[in-house]
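Survey of secondary and tertiary structure
Residues per chain are reported as follows:
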Amino acid sequence: MELGCSDCGIPASDEALFCAACGGLLAFEPGAGVIGAAALRALLRERRASNEHRDRSGVWRYRELLPALDPERIVTLRENDVPLYGGRGGAAYAGLDDVAYLHLGMNPTGSFKDAGMTVALTHAAQTGARVAICASTGNTAASMAAYAARAGIQAVVLVPSTGISESKVAQTLDYGAAVLGIPGDFDAALATVRELDPRRVAIVNSVNPYRIEGQKTAAFVLLEQRAWRVPDWLVLPGGNLGNTSAFGKGFREALALGLIDRLPRIAVVQAAGAAPFARLFAAGGDMIPVKAQTTATAIKIGAPASWKKALREVRAANGTVIAVDDAAIADARAVIGRDGIGCEPASAASLAGVKALVADGVIRASDDVVLVLTGHVLKDTAYAAAYHAAPSAFANTIVHTRDRADLLARIDELATARAGA
Ligand SMILES: *Cc1c(COP(=O)(O)O)cnc(C)c1O
Ligand SMILES: [Zn+2]
């Protein structure tokens, strides 16, 4: 695999984080013919029957398709070993015959960031890094902190002092990271991190190409669970857009390897108050940063670092980009919950987005649609509690019973209602 500039194409050194010529983001280009499709499928089947972490990890199982790192010294928590769920309620809500959720929130720290962090921290550890640093709206921090702890590396996190989920901060503190709150937002934190010297501290935001290599395996995990049947659409939330670029890359590589025969279309969904990518997709031109505003904090990003990479992937996949408002995200999250599937608000932008795309006639009811759930419900329980405390469309509240008779009467009422249903 060759590391080069994703904008101007010139080869890059492993020491730098940005292109020396144009400042663009770096990316790995796969070498030709590493392994044939039939041999790879057989190898993957074998590994799924193994008890070794690196075989069961939904990242390292694909190690032939990752940058060259010593497979005996990987930093893993068995990430990306995640389910694909059906969801009838969500399908009906969006106007689809059927829908499936790839739940990346079922990762070790509760978000898809783990798939990238296992590779970024393995690389950091193997190059002798002592300190890893990131800017975060919460999930990147928690993930980096866990993998840094496993690697014996000091984690340093820059987070906005206000407006990020308390559960995510608590989790990050638990894993022993140094958490530095800043008065600005995520975009300000990332701008600071980008100025640091990558030879002194390992920078593990999604501008780090090792992160993208790890995250691209989510495309393989999805396809493998579908016996390499390609869906019509993959729908995911977009913030900094690293994950959009990773999924696109994963699907393109699967196509080049002969594992699949076409690309799925990709729909990226942004929150209306943080939608510079949706705007530029519709209007053309360059990305114009915005002051991000949304209660879906994981996608509260006004200047997405990976917008160029993501734009190339969305175009290659004949995809689209839309924005949905916070109220639509909130209701969609509750609907997903009614199917017994818990996700955080940013994740639910996917279902809200599909509903809008079905209404617009872009996605048809009979299309084969996979929604990416990026984070777990327990990542932001305060959000869920607030939703149910408000007069929301799918609000549900605790019923305080007066006494034993009242309690039994209510149970009887519920049993009777269900018996008649
Ligand atoms: C990081 C994150 C996103 C946004 O992903 P990008 O790669 O920044 O576009 C969406 N949802 C959750 C839960 C996340 O943690
Ligand atoms: Zn360049």
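Predicted model only: the values in this text are computed from it and were never measured.

1. Some points on the overall build of the protein chain
Along its length, the protein chain carries 15 helices and 12 strands. Computed over the C-alpha atoms, the radius of gyration of the protein chain is 21 Å, within 12% of the 22 Å expected from 2.2 N^0.38 for a compact globule of 421 residues. With the C-alpha coordinates aligned to their principal axes, the bounding extent of the protein chain is approximately 70 × 50 × 50 Å. Taken over 421 residues, the protein chain has a buried fraction of 55%. Within the protein chain, residue pairs in contact and separated by at least 24 positions form 69% of the contacts whose partners lie at least 6 positions apart. For the protein chain, the exposed surface amounts to about 17500 Å²; the carbon and sulfur share of it is 52%.

2. Quick look at the environment of Gly116
By secondary structure assignment, the location of Gly116 is in helix H4 (residues 113-126). Taking the C-alpha atoms as reference points, Gly116 and Tyr147, separated by 31 residues in sequence, lie 10 Å from one another. Beyond its immediate chain neighbours, meaning those up to four positions away, Gly116 contacts Tyr210, Arg211, Gly214 and Gln215.

3. Some thoughts on the coordination of the zinc ion (ligand 2)
Taken together, the protein donors to the zinc ion (ligand 2) comprise Cys5 (SG), Cys8 (SG), Cys19 (SG) and Cys22 (SG), at separations of 2.3 Å. If you look at the zinc ion (ligand 2), its 4 donor atoms make angles of 100 to 121° with each other, and the shape they trace is tetrahedral. A relative accessible area of 38% places Cys8 in the partly exposed class. When its relative accessible area of 6% is taken as the criterion, Cys19 is described as buried.

4. Details of the sheet that holds strand S3 (residues 84-86)
If you trace the 6 strands from one edge of the open sheet to the other, you get S3-S4-S12-S9-S10-S11, paired in mixed fashion. The sheet is open, and its two edges are formed by S3 and strand S11 (320-324), each paired on a single side. Within the sheet, the average angular offset between the axes of one strand and its neighbour, ignoring direction, is 25°. Pairing of strand S9 (residues 233-237) with strand S10 (residues 265-271), which is carried by 5 bridges, proceeds in the parallel orientation. Looking at the pairing, Trp233 lines up with Arg265 of S10.

5. Description of the site of ligand 1
Lining the immediate environment of ligand 1, one finds 15 residues, of which Lys113, Asn139, Gly239, Asn240 and Thr374 sit closest. Taking Lys113, its side chain carries an N or O atom lying 2.5 Å from an oxygen atom of ligand 1. Gly242 is positioned with one of its backbone polar atoms (N or O) 3.2 Å from an oxygen atom of ligand 1. Its residues placed into classes, the shell around ligand 1 shows 5 nonpolar, 8 polar and 2 charged.

6. Remarks on the pairing of strand S7 (residues 178-182)
Two elements, strand S6 (residues 154-160) and S7, share 5 bridges in a ladder whose sense is parallel. Paired with Pro160 across the strands is Ile182, a residue of S7. Once the chain exits S6 it traverses helix H6 (residues 166-174) before rejoining the sheet at S7, and the crossover so formed is right-handed.

7. Describing unusual backbone geometry
Phi angles above zero are rare outside glycine, and Trp228 is one such case at about 65°. Residue position: Trp228 is located in the loop between helix H8 (209-225) and S9. Positive phi outside glycine occurs at Asn318, with the angle close to 50°. Mapped onto the fold, Asn318 is located in the loop between helix H11 (307-316) and S11.

8. Some words on the sheet that holds S6
Spatially, S7-S6-S5-S8 is the arrangement adopted by the 4 strands of the open sheet, whose pairing is parallel. Two strands close off the open sheet at either side, each with one partner strand: S7 and strand S8 (202-203). Packing against the sheet, helix H7 (residues 186-194) makes contact with strand S5 (131-135), S6, S7 and S8, and its axis sits at approximately 145° to S5.

9. Overview of the nonpolar core
Formed by 43 residues in total, the largest nonpolar core has its most connected members in Leu102, Leu104, Phe247, Phe251, Val268 and Phe277. Top element by residues in this core is H8. It accounts for 6 residues. Those residues in contact with Leu102 that sit more than four places away from it in its chain are Val82, Pro83, Leu84, Ala218, Val221, Leu222, Phe247, Val370, Leu371, Val372 and Leu373. Counting residues in each nonpolar core, the second largest holds 37 residues, with Leu96, Val235, Ile299 and Val369 among its members.

10. Examining the environment of Gly337
The residue Gly337 is located in helix H12 (residues 326-338) in this model. Look at Gly337 and you get partly exposed, because its relative accessible area is 39%. Between the C-alpha atoms of Gly337 and Ala348, which are 11 residues apart in sequence, the distance is 9.8 Å.

11. Some words on the packing of H8 against helix H9 (residues 242-256)
It is the contact of H8 with H9, at a shortest axis distance of 7 Å, that shows an interaxial angle of 55°. Between H8 and H9, the crossing angle belongs to the class labelled oblique. Considering the relative orientation of H8 and H9, their crossing is right-handed. Contacts between H8 and H9 involve Ile212, Glu213, Gln215, Lys216, Ala218, Ala219, Phe220, Leu222 and Leu223 from the former and Gly242, Asn243, Ser245, Ala246, Phe247, Lys249, Gly250, Phe251, Glu253 and Ala254 from the latter. The class makeup of the residues in the contact of H8 with H9 is 10 nonpolar, 5 polar and 4 charged.

How each quantity is defined
- Residues numbered from 1 in each chain as written.
- Chains lettered and ligands numbered in written order.
- Predicted model: local features only at pLDDT ≥ 70, side-chain atom pairs only at ≥ 80, totals over all residues.
- Heavy atoms only, no water.
- Helix = DSSP H or I, 4+ residues; strand = E, 2+ residues; numbered from the N terminus.
- Rg over C-alpha atoms; globule rule 2.2 N^0.38 Å.
- Buried < 20%, exposed > 50% of the residue type's maximum accessible area, 1.4 Å probe, protein only.
- Contact = heavy atoms within 4.5 Å.
- Areas by Shrake-Rupley, 256 points an atom, 1.4 Å probe, with all protein chains shown as cover.
- Donors = N, O, S within 2.8 Å, 3.2 Å for Na, K, Ca; no water.
- Tetrahedral: all angles 85-135°; square planar, octahedral: opposite > 155°, others 65-115°.
- Pairing = 2+ DSSP bridges.
- Axes fitted to C-alpha atoms, helices over the stretch in contact; angles between N-to-C directions.
- Near = heavy atom within 4 Å.
- Polar contact = N/O pair within 3.5 Å; in protein donor to acceptor, adjacent residues only side chain to side chain.
- Nonpolar A, V, L, I, M, F, W, Y, C, P; charged D, E, K, R; others polar.
- Right-handed = clockwise from strand over helix to strand, strands pointing away.
- Core = buried A, V, L, I, M, F, W, Y, C linked by side-chain atoms within 4.5 Å.
- Parallel < 35°, antiparallel > 145°, perpendicular 65-115°, else oblique.
- Left-handed = near helix turned anticlockwise from the far one by under 90°.

By themselves these figures say nothing about function.
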